[in-house]
Amino acid sequence: MDGNDLSRLLLEAHRVLSFELDGALEERGYPDVRPGHAVVFLTVDRRSGSRLTDLSQRAGVSKQAMMLSIDELEVRGYVRRVPDPSDARAKLVRLTAKGRRCATECRRAVGVLETHTRRALGQRRYDALRSSLELLAGHSDPGDAV
């Protein structure tokens, strides 16, 4: 395989977008939040909180990986764990006030990245890329891509 095989290109694109998101979060006043943490802010239920298993499923990562992110964000004051009122054995991850502000900035930063990507590719290529990635990630039915 040459240096431009699909997996390498996808990895490089991911690195570029992560680097841009990292810079955007730092500019917005969150230098201690990494792109990997952003998935927590983008998937947690802002009103009632979310269980760790739900967060890991939504984000497509292992429970262990999600737990590491939650641990780091809890130490930094972005989230807290509280008892789940529907199951005494379970905990909910809730955003603190600081976490809610950061979640807003994460959504804005991701929106800006999407806009820049759309402009760089043009709408048709952006839509095709997005559809293709959703298909590869198993988020759509192959019949939907027609």
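Right above here is the structure, for reference.
Note that residues are indexed from 1 along each chain, following the sequence as it is written. Two thresholds apply to this predicted model, a pLDDT of at least 70 for residue-level local features and 80 or more for giving and counting side-chain atom pairs, whereas whole-chain, interface and lining totals are computed over all residues. The basis for every side-chain value is the complete set of heavy atoms in the structure, and neither hydrogens nor water enter the calculation.

(A) Representation of helix 4 (residues 63–75) within the structure. For helix 4, which comprises 13 residues, the first-to-last C-alpha distance of 18 Å matches the rise-based estimate of 18 Å (1.5 Å per residue) to within 8%. When accessible area is computed with a 1.4 Å probe and restricted to protein chains, residues below 20% of their type maximum are described as buried, those above 50% as exposed, and intermediate ones as partly exposed. The secondary structure listing takes helices from DSSP runs of H or I that are at least 4 residues long and strands from runs of E that are at least 2 residues long, numbered from the N terminus. Residues of helix 4 that are buried: Met66, Ser69, Ile70 and Leu73. Projection of helix 4 onto a plane perpendicular to its axis shows the buried side chains occupying an angular sector of 100°, all on one side. The exposed set on the far side of helix 4, more than 90 degrees from its buried face, consists of Gln64, Leu68 and Val75. In what follows, a contact means two residues having at least one pair of non-hydrogen atoms within 4.5 Å. Tucked inside the fold, the buried residues of helix 4 contact helix 2 (35–43), helix 3 (52–59), strand 1 (79–84) and strand 2 (87–95). Positive backbone phi, approximately 85°, marks Gly77, located one or two places after helix 4. Expected helix span is computed as 1.5 Å times (number of residues minus one). Read the arc as the range of directions from the helix axis to the C-beta atoms.

(B) View of the packing of helix 3 against helix 4. An axis is simply a line fitted to the C-alpha atoms; with a helix, the fit covers only the stretch in contact. Between two such axes, the angle follows the N-to-C directions and lies from 0 to 180 degrees. At a minimum axis distance of 9 Å, the contact between helix 3 and helix 4 shows a crossing angle of 110°. By the angle class used here, helix 3 and helix 4 are roughly perpendicular. Judged by residue contacts, Leu52, Thr53, Leu55, Ser56 and Ala59 of helix 3 engage Lys63, Met66, Met67 and Ile70 from helix 4. By the convention adopted, Pro, Cys, Tyr, Trp, Phe, Met, Ile, Leu, Val and Ala count as nonpolar, Lys, Arg, Asp and Glu as charged, and the other residues, Gly among them, as polar. By residue class, the composition of the contact of helix 3 with helix 4 is six nonpolar, two polar and one charged. Small angles under 35 degrees read as roughly parallel and large ones over 145 as roughly antiparallel, with 65 to 115 read as roughly perpendicular and the rest as oblique.

(C) Region of interest: the pairing of strand 1. Pairs of strands are assigned from DSSP output, requiring at least two bridges between the strands. As defined by bridge partners, strand 1 adjoins strand 2 across six bridges and the pair is classed as antiparallel. Directly across from Asp84, in strand 2, lies its bridge partner Asp87. Taking the residues that link successive antiparallel strands as the turn, the strand 1-strand 2 hairpin has two residues.

(D) Here's a closer look at the side chain of Thr43. Here Thr43 is to be found in helix 2. You can call Thr43 buried: its relative accessible area is 15%. Ignoring any residue separated from it by four or fewer positions in sequence, one finds Thr43 in contact with Ser50, Leu55, Arg58 and Ala59.

(E) Structural detail: the layout of surface pockets. Here a cavity denotes grid points, spaced 1 Å and computed from the protein atoms alone, that fit a 1.4 Å probe unable to get out, and a pocket denotes an open set having protein on both sides within 12 Å along at least 5 of 7 lines; residues with an atom within 4 Å of a point are the lining. Grid points are joined across faces, edges and corners, and a volume is the space filled by probe spheres set on the points. Roughly 1,500 Å³ of volume is contained in the largest pocket. Forming the walls of the largest pocket are 35 residues, and the residues nearest its centre are His14, Leu17, Glu114, Arg130 and Leu133. Put simply, the parts of the chain that give the lining of the largest pocket at least two residues each are helix 1 (6–27), helix 2, helix 3, helix 4, helix 5 (97–121) and helix 6 (123–136). Ranked by residue count, the leading element in the lining of the largest pocket is helix 1, at eight residues. Across the lining of the largest pocket, the residue classes tally to 23 nonpolar, seven polar and five charged. Here the second largest pocket defines a volume of roughly 150 Å³. If you list the elements that add at least two residues to the lining of the second largest pocket, you get helix 3 and strand 2. Looking at the lining of the second largest pocket element by element, the count peaks at four residues for strand 2. Looking at the lining of the second largest pocket residue by residue, the class counts come to five nonpolar, one polar and three charged.

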